[in-house]
Each structure stands twice: as C-alpha cells, then as structure tokens.
Amino acid sequence: MNLYDRIPNNVNLSEDKKLQRALEKWLPNYLDWWREMGPEGFQEKDVWLRTAVDVGSEGWAHFDYVKMPDYRWGIFLEPPQPDAKVGFGDNYGRPAYQEVPGEFRNALRRIIVTQGDTEPASVEQQRQLGKTCPSLYDLRNLFQVNVEEGRHLWAMVYLLHGYFGRDGRDEADELLERRSGNPDKPRILEAFNQPCDDWLNFFAFTMFTDRDGKYQLSALAESGFEPLARTCQFMLTEEAHHMFVGDTGLGRVCRRTAQLMKEGDVRELGGIPLEIIQKYINFWFSYSLDLFGGEISSNSADFFAAGLKGRYKEREQYTDHLATNENFTMTVVADGQLKTREVPLRNALNEVLRGEYVKDCEKGLARWNKVLADEGVSERLYLPNPRFHRHVGEYAGHTFDLEGHLISKEEFERRKSEWLPTMEDREYVRSLMHPVYEVGKIANWIAPPAAGIKGKPFAFEYVRL
Ligand SMILES: [Fe+2]
Ligand SMILES: [Fe+2]
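Rules behind the numbers
- Residues numbered from 1 in each chain as written.
- Chains lettered and ligands numbered in written order.
- Predicted model: local features only at pLDDT ≥ 70, side-chain atom pairs only at ≥ 80, totals over all residues.
- Heavy atoms only, no water.
- Pairing = 2+ DSSP bridges.
- Helix = DSSP H or I, 4+ residues; strand = E, 2+ residues; numbered from the N terminus.
- Contact = heavy atoms within 4.5 Å.
- Axes fitted to C-alpha atoms, helices over the stretch in contact; angles between N-to-C directions.
- Donors = N, O, S within 2.8 Å, 3.2 Å for Na, K, Ca; no water.
- Core = buried A, V, L, I, M, F, W, Y, C linked by side-chain atoms within 4.5 Å.
- Buried < 20%, exposed > 50% of the residue type's maximum accessible area, 1.4 Å probe, protein only.
- Salt bridge = Lys/Arg side-chain N within 4 Å of Asp/Glu carboxyl O.
- Tetrahedral: all angles 85-135°; square planar, octahedral: opposite > 155°, others 65-115°.
- Parallel < 35°, antiparallel > 145°, perpendicular 65-115°, else oblique.
- Nonpolar A, V, L, I, M, F, W, Y, C, P; charged D, E, K, R; others polar.
- Left-handed = near helix turned anticlockwise from the far one by under 90°.
- Expected span 1.5 Å × (residues − 1).
- Polar contact = N/O pair within 3.5 Å; in protein donor to acceptor, adjacent residues only side chain to side chain.

(A) Spotlight on the sheet that holds strand 2 (residues 61-67). The three strands are arranged 2-1-7 in an open sheet whose pairing can be described as antiparallel. Bordering the open sheet on either side are strand 2 and strand 7 (463-464), each of which pairs with just one other strand. Note that strand 1 (residues 46-52) and strand 7 share two bridges and pair antiparallel. Looking at the pairing, Asp46 lines up with Arg464 of strand 7. Packed on one face of the sheet, helix 3 (residues 136-163) meets strand 1, strand 2 and strand 7 and runs near 40° to strand 1.

(B) Inspection of the coordination of the iron ion (ligand 1) at higher detail. Protein ligation of the iron ion (ligand 1) involves Glu119 (OE), Glu149 (OE) and His152 (ND1), the donor distances falling in the range 2.0 to 2.2 Å. Counting gaps between the donor residues of the iron ion (ligand 1) yields the pattern E-x29-E-x2-H. Between the iron ion (ligand 1) and the iron ion (ligand 2) the interatomic distance amounts to 3.4 Å, and Glu149 serves as a bridging ligand to the pair. One end of the pair, Glu119, is in helix 2 (residues 105-125); the other, Glu149, is in helix 3, with 30 residues separating them in the sequence.

(C) Quick look at the nonpolar core. Formed by 117 residues in total, the largest nonpolar core has its most connected members in Phe208 and Trp445. The leading source of residues in this core is helix 3, at 15 residues. Core analysis: the second largest hydrophobic core is formed by seven residues, Trp48, Ile453, Phe460 and Tyr462 among them.

(D) Region of interest: the pattern of salt bridges. Applying the stated criterion across every chain, the model contains 38 salt bridges. Between Arg311 and Glu314 there is a salt bridge whose closest N-O contact spans 2.8 Å. Here Arg311 falls in the buried class, since its relative accessible area comes to 5%. For Glu314, a relative accessible area of 0% gives the class buried.

(E) Molecular detail of the coordination of the iron ion (ligand 2). Binding of the iron ion (ligand 2) to the protein goes through Glu149 (OE), Asp210 (OD), Glu239 (OE) and His242 (ND1), at separations of 1.9 to 2.2 Å. In this structure, the iron ion (ligand 2) is surrounded by four donor atoms whose angles at the metal cover 85 to 171°, and the resulting shape is irregular. By relative accessible area, Glu149 is classed as buried at 3%. Judged by relative accessible area, His242 falls into the buried class, the value being 0%.

(F) Structural detail: the packing of helix 3 against helix 4 (residues 165-175). The N-to-C vectors of helix 3 and helix 4 enclose an angle of 155°; their axes lie 6 Å apart at closest approach. Judged by the angle between their axes, helix 3 and helix 4 are roughly antiparallel. Residues Leu153, Val157, Leu160, His161 and Tyr163 of helix 3 form the contact with helix 4, whose participating residues are Gly165, Gly168, Arg169, Glu171, Ala172 and Leu175. Looking at the contact of helix 3 with helix 4, its residues break down into six nonpolar, three polar and two charged.

(G) The packing of helix 5 (residues 199-221) against helix 10 (residues 349-374), seen in detail. Running from N to C, helix 5 and helix 10 cross one another at 140°; their axes reach a closest spacing of 10 Å. Taken as axis vectors, helix 5 and helix 10 run oblique relative to one another. Crossing handedness for the pair helix 5 and helix 10: right-handed. Here helix 5 contributes Met207, Phe208, Arg211, Asp212, Lys214, Tyr215, Gln216 and Ala219 to the contact with helix 10, which in turn contributes Leu353, Glu356, Tyr357, Asp360, Cys361, Gly364, Leu365 and Trp368. Looking at side-chain class alone, the contact of helix 5 with helix 10 contains nine nonpolar, two polar and five charged residues.

(H) Summary view of helix 3. Here helix 3 spans 41 Å end to end across 28 residues, near enough to the 40 Å set by a 1.5 Å rise per residue. The buried fraction of helix 3 is high, at 27 of 28 residues. At the N-terminal end of helix 3, a side-chain oxygen is found 3.3 Å from the backbone nitrogen of Tyr137, two or three residues along, and the residue is Ser135. Just downstream of helix 3, Gly165 is the residue with a positive phi angle, here 55°.

Quick look at the structure:
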C-alpha cells in the first residue's frame, strides 16, 4: 500500500509512469471540482472521518480528524486472485481478462462511465445538506458518504485512464464537467438529477439509490475483466456504510414519528407524518428501480455472455453459470393488459438483479415496521409494486397504482398526490430542517442513533465547527 504517494494506491502506480502522470494531471481538476461542488460551507472544518488504509477485511479503515479537501482519495483494489477465471457466460472457465476484450470496449466503457457519473452526481445533489443537519453525528455521516463517493469516482477514473487510452481520458474529464440537475449538461441517469435537498430525501436516497449501487457493483464484482471486479469488490465495503446511513436514518425518523403519534398530532408537534415518509419511499424506490435498466434487455444478455457482468453472488449462489437453457416469466403490458411472457433468462438478467434488490429493500421495510411495532403504533410502511411510477423499461409509458394495477393516465394524475411527495409535502419537510450543531443535541423530527461511530458516543464532536 503506497499511502503517502500523491495518489495513495495499492496498484504500484509509481511503476506505471504514464498512468501516474495522467492521473496526477487529473488530480487538480478533481480538487477544483470538489471545492466547487463538494459540501458547501464545511471545506475547512475538521471532520472525524475514516480513511482507507488497507483493503484487508480486518482494519482497513483509520479514523481521525481530516479536512475534506485533504482526504486521502486513492486507488484501492482487492488483491488479485492467482489464476482468476471468467466465472460465467460463454467464456466460463477461461482465464480472466486482464485487458478489455476488444469487441466490448465501447460497451464496457459506457458501463464504467455510467457508474462513475453517479459518484460525483450524488455529492452535488447533497452539497447543501450540511446547512440543515439534524446533529453532528449525521453531519459527519453525510461527509463520510460524500468523500467516499469522491473515492468511487477515483476508482472508475483509474479504470478509464488505465484501460481505455485516449477515450478513457476524455471520459474522465467529462465526469468533472457534467452537473447534477443542470439542463445543459446533466448527469447521465435521472435519479441523479433529482434534488436531494432535505434530510428525508438524503436518507431515502442512501437507502434506495445507494442500494442500487450495491447491486450494480456486486454484478460487476463478478466480472471476468479482473481490474473491474477487484475495483468493485473494494467499493462495496464502502457502499455498505452509505446504506447503513439511509436505513438507520429512516428507521430513526420512523421511531420519532411513532413517539410523536402517541403524544398527539405529528405535524403540530413538528414531526414527519408517516404518510409523507411513505411518499418519499414510493418516489425513491421507483426511481431507483429504473437504474437497473429494461426488464427485457439484449445488452444484459451480451454482457453476461461475454463474462463481463454477472448475477448477484454469481459464484456463490448459482451452479449453472451458462444460463442458456432457462426461461424467465415476465409480466408485460400487451394490448392494454398485463400478460405473462417467457423470456430467455439471459435477456432477463436486469430483472433478476432488480428482484434481488427488491428483496433487500423489503428487509429494510421490515426493520422500520419493527420500530413502529416496538413503539406501539399499528400503522405500517410498505414498498410500492415495482411497476409503479417507472420511467425506464416495460412499464414506462403506462400508469399503475401502488398495487401494480394498470390504471388510466387520468386516474394516475388524479391520485398521484396521494402517492408521491407534493410541493406542499416537500415544503413542509423543508420547514423542519434547521441545523443542530451542538454536541449531543438532535433535531426534534428524528430519534438519536442507537450508538455512535467506532466506539464514540453520540455526544462526540464529530465535526469541529
Ligand atoms: Fe458510490
Ligand atoms: Fe454510495
């Protein structure tokens, strides 16, 4: 591990002078982007952050006060496996690719750019949130997520510079030029152009949208293109914290809401009513489902065939790594009705991955509902049907209710204010967002966490203001 190089890395960067020079040229542009688009108003503050110091499963993280622009962003890959093999698809069992297979060069670059684009996008979406944090603990978690998304950008830029030559360098530059929500140069995926300007949005985003990241990275961590697999394997260890922030954040909002429900009117008491929490779940869950791509996809089949993108836990969970003989039963819209259709499994792999994701999200819902039950409240939260409010794939262009019944556009328009956050809901949530910067204090609309970070109490100066 070369921790004290200008670019910390465990890939022996100093032995590849050309790559090192290219990345060192990109570094100041990255820092300019960070200063311009990173968390506003906190760049010079000491934040108690963890930094990657090793990629081993034990003790890879070091905790200390760091000013965010001094964070040790770097390039960390899981160590190579001796005789790594392609784990699935038509080249199953052949040696893993150390270079990009020529015919998949463009497609693979697209995957890496699309993943890479989400990383700075989320930092941009979240850059104002520090001004309304519910506690110093939450403020620190936000910044931890932000610096790690910055590192994920580094991970993807390393692959672009290292394996895609000139085009890769151009793409790396463009990753710093697009801006979330900017109509002239938007980020690539729609969920990453949606504003994330209050903490309920932030928790729902890290719960649902970062979790899409987990599943995309998991599928790429199986890749037969070894540098990509090793990069994604390490990113997943960081991603777990982001989902923890979202999952426990929403759980704490639920706890506080339930407590206030027992005292009286949640709104009058300054809490977030459950129906607003439900609408935020509906919004972010549906947008995050879109990120998996079309239900029936020849791209997914090609990528699997080529051994580039596998299924979730491909090696661990499956015995048939060819997936050539099976069909998948899909619900589609045909002649204005829901019908089932048999699709070759390889063409249904986006949907298979989405199914894994939905199962994982359901566990989160079960945890929040347990919080509600423990607080003695009978209402429950739920996930909408995956057909609800979709903008990509089989169900885009049709309208469904929360249970997934096909309904008319008029009915959807008439009822959408019951299902998705309205302007008033968003304004109400924003009206609650006042910063709490005192050590050990917390905003009224959220419960404190069960424990602090890395053995520190909740009442700890996680950010020195
Ligand atoms: Fe990320
Ligand atoms: Fe993330």
